[in-house]
Amino acid sequence: MFDDILEAAARIIEKEELTAVTTNTVAEAAGVSIGSLYQYFPNLAAILAELTLRERGILMDNVNRVALEFDSAPLEETLLALIEVAVAHQLARPRLARTLDYLEDSLNLFDETVQIGDEIRAAVASLLRRYDYPLADQAAADLVAMSKGMIDAAGRTGETDSKALSLRVKRATLGYLKY
């Protein structure tokens, strides 16, 4: 039921305006009573916060999967796979991603989202260190910030062409690594 409620909220966000998301509409879309919804979530903010963390967790799981799968691959190949994962995540459910990005600050998730960002930067830094890239921690922070900025901006403008976005982020990343 917990996951059904989260998924119902996600579907409403994707189809309607954010103002259409209420505990009543979420309960109805999930096929549960409002009382059952409140057994899992005390309010709408709790649903949206958990949905945000779920989506960030999915991204982190995919980053970790790529890091394992490409453990011995060349640096560029691994970075490009990570970019494709991030772009695919943003564009798989673009309206949901945009809305959750918008809500993130108001949901008091600073510590949790900083932790996920730190984990992604650590994965990239580890990859860079494996190839003796100088100043790996700073380079990872720059690459993650640059990629996130480009990917989030594309999501905010409604871009849907994942290949074109991946190519732009790849060019920026490889250009950074070259100099």
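What counts, and where the lines are drawn
Residues numbered from 1 in each chain as written. Predicted model: local features only at pLDDT ≥ 70, side-chain atom pairs only at ≥ 80, totals over all residues. Heavy atoms only, no water. Salt bridge = Lys/Arg side-chain N within 4 Å of Asp/Glu carboxyl O. Helix = DSSP H or I, 4+ residues; strand = E, 2+ residues; numbered from the N terminus. Buried < 20%, exposed > 50% of the residue type's maximum accessible area, 1.4 Å probe, protein only. Contact = heavy atoms within 4.5 Å.

**Quick notes on the pattern of salt bridges**
Considering all chains together, one arrives at 14 salt bridges under this definition. Measuring nitrogen to oxygen at the nearest pair gives 3.2 Å for the salt bridge that ties Arg65 to Glu69. Here the residue Arg65 and the residue Glu69 both occupy positions in helix H4 (residues 44–69), the gap between them amounting to 4 residues, near one helical turn. Since its relative accessible area comes to 53%, Glu69 is described here as exposed. Taking the shortest distance from any N to any O, the salt bridge between Arg129 and Asp137 comes out at 2.6 Å.

**As for the environment of Ala86**
Among the structural elements, Ala86 can be located in helix H5 (residues 75–92). A relative accessible area of 23% places Ala86 in the partly exposed class. Linking Ala86 and Met146, residues 60 residues apart in sequence, is a C-alpha distance of 12 Å. Not counting residues within four places of it along the chain, the set of residues in contact with Ala86 comprises Leu59 and Ile151.

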